[in-house]
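The chain contents come next:
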Amino acid sequence: MKISEDMVNKHGLRFKESAVIFDENEPADQMYLILSGKVGIHKKVKEAFKLLIELKEGDMFGEMALVDRKPRSARAIAKTDVLLFAITESVFYNLIQTNPSFSLKMVKMLSSRLRETNQTIASLLKGDRKNIVTSALITFAQTRGEQEEGQYKVHLAAFMKWAILRVGLEHADLVSAINLLVKDKLIEQPKNDPSHILIRETFFKYTLDQ
């Protein structure tokens, strides 16, 4: 997609390094093509922003807000001084309809972006796997565990099979998180019956209050 000097003069936007181009949850009315520099796309996780992807010259971003008309789903920050070409909604749909190379670039970009975002989310999940597995254990125990004498008995293999399909963690990550919970004495894995884990009802209240 070639951008003439006149088009840059009319639709070009410059941002200094570290400037916020747009913020998460802001209303959106345009997407951007990077003509020079680098841009970081960040997502708020708990109280901190995590870098999802770093974009460079020739990359586009901010397109989903034009497609679904929803607020920005992430924050965009200039990693260096940048020059952007702003594409409004009317220009965007005109390009989709009249420019096959632009349409193909959009499809490839969205596919690549989804793959990279999934990988990043998987990494974030692994970093917080103890809390994720704790929450999953509570749900599983309350719905499928055996309640007896103030505690829940959970079949470990059944939980592992159930959790792998639901929490986005691999088998090794689940095992590691469960071992941490056992080590911290938050759950119990009886030596005479390692195929099960025991979760006391007080653990549920403790966890929910944190």
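(A) A look at the overall build of the chain. A tally of helices and strands in the chain yields 8 helices and 11 strands. For the chain, buried positions account for 36% of its 210 residues. Expressed as a percentage of contacts within the chain between residues at least 6 apart in sequence, the contacts between residues at least 24 apart total 69%. As displayed, the chain has an accessible area near 12,900 Å², and 52% of this comes from carbon and sulfur atoms.

(B) Quick peek at the pairing of strand β8 (residues 82-88). With 6 of 7 residues buried, β8 lies mostly within the body of the structure. Both strand β1 (residues 12-15) and β8 contribute to a ladder of 4 bridges, which runs antiparallel. Across the sheet, residue Phe 15 finds its bridge partner in β8, namely Val 82. Alignment of strand β3 (residues 30-36) against β8, held across 6 bridges, turns out to be antiparallel. Residue pairing in the sheet places Leu 33 in a bridge with Phe 85 of β8.

(C) Spatial organisation of the sheet that holds strand β10 (residues 151-155). With antiparallel pairing, the 3 strands of this open sheet are ordered in space as β9-β10-β11. Two strands lie at the open edges of the sheet, namely β9 (146-148) and β11 (196-200), each paired on one side alone. Each strand of the sheet is rotated relative to its neighbour by a mean of 30°, with strand direction disregarded. Here helix α5 (residues 129-144) sits on the sheet and contacts β9, β10 and β11; the angle it forms with β10, its principal contact strand, is near 95°. In the packing of helix α6 (residues 156-164) onto the sheet, the strands contacted are β10 and β11, and the crossing angle to β10 comes to about 75°.

(D) Representation of the pattern of salt bridges. Per the stated rule, a full pass over the model turns up 6 salt bridges. Its salt-bridge partner being Glu 54, residue Lys 38 comes within 3.9 Å of it at the nearest N-O pair. Of this pair, Lys 38 sits in the loop between β3 and β4 (39-45) while Glu 54 sits in strand β5 (residues 48-55), placing them 16 residues apart in sequence. With its nearest N and O atoms 3.2 Å apart, the salt bridge here joins Glu 188 to Arg 200. Here Arg 200 lies in strand β11 and Glu 188 lies in the loop between α7 (171-183) and β11, a separation of 12 residues in the sequence.

(E) Local environment of the environment of Lys 38. Residue classification places Lys 38 among the partly exposed positions, given a relative accessible area of 39%. In this structure the C-alpha to C-alpha distance between Lys 38 and Leu 84, which are 46 residues apart in sequence, comes to 10.0 Å. With sequence-adjacent residues up to four places away left out, Lys 38 is seen in contact with Glu 54, Leu 55, Lys 56, Ile 77, Ala 78, Lys 79, Thr 80 and Val 82.

(F) Highlighting the packing of aromatic side chains. Overall, the coordinates contain 6 aromatic pairs when judged by the stated rule. The interplanar angle of 35° and the centroid separation of 5.9 Å between the aromatic rings of Phe 22 and Phe 61 together place this pair among those described as tilted. With a gap of 39 residues between them, Phe 22 in strand β2 (residues 20-22) and Phe 61 in strand β6 (residues 60-61) connect regions that are remote in the sequence. Given a relative accessible area of 1%, Phe 61 falls into the buried group.

(G) Up close: the pairing of strand β7 (residues 75-78). The two faces of β7 match: Arg 75 and Ile 77 on one face and Ala 76 and Ala 78 on the other face are all buried. Two elements, β2 and β7, share 2 bridges in a ladder whose sense is antiparallel. Across the sheet, Val 20 pairs through a bridge with Ile 77, a residue of β7. When β4 meets β7, the two strands line up antiparallel, connected through 4 bridges. Residue Val 39 lies in a different strand from β7, and its bridge partner there is Ala 78.

(H) Geometry of the environment of Phe 92. Within the element layout of this structure, Phe 92 appears in helix α3 (residues 89-98). With relative accessibility at 3%, the residue Phe 92 sits in the buried group. Sequence separation between Phe 92 and Leu 66 is 26 residues, and the spatial gap between their C-alpha atoms is 8.1 Å. For Phe 92, the residues in contact, after removing those within four places along its chain, are Met 31, Leu 66, Val 67, Ile 87, Phe 102 and Met 106.

Parameters at a glance
- Every chain is numbered on its own, with residues counted from 1 as its sequence reads.
- Note on the predicted model: pLDDT of at least 70 is required for a residue's local features to be given, and 80 or more for side-chain atom pairs to be given and counted; whole-chain, interface and lining totals, by contrast, use all residues.
- Side-chain descriptors were evaluated using all non-hydrogen atoms of the structure, hydrogens and water having been removed beforehand.
- Helix and strand labels come from DSSP, where a helix needs a run of H or I of at least four residues and a strand needs a run of E of at least two; each type is numbered from the N terminus.
- Each residue gets one of three labels from its accessible area relative to the maximum for its type: buried under 20%, exposed over 50%, partly exposed in between, using a 1.4 Å probe on protein chains only.
- Contacts between residues were defined by any pair of non-hydrogen atoms, one from each residue, lying within 4.5 Å.
- Residue-level accessible areas treat just the shown protein chains as cover; the underlying method is Shrake-Rupley with a 1.4 Å probe.
- A strand pair is defined by DSSP finding two or more bridges across the two strands.
- Lines fitted to C-alpha atoms define the axes here, with helix axes fitted over just the stretch in contact, and angles between the N-to-C directions of these axes take values from 0 to 180 degrees.
- Here a salt bridge means any side-chain nitrogen of Lys or Arg lying within 4 Å of a carboxyl oxygen belonging to Asp or Glu.
- Stacked, edge-to-face and tilted are the three classes for Phe, Tyr and Trp ring pairs, Trp counted by its six-membered ring, which pair at centre distances within 6.5 Å; planes under 30 degrees apart are stacked, over 60 edge-to-face, the rest tilted.

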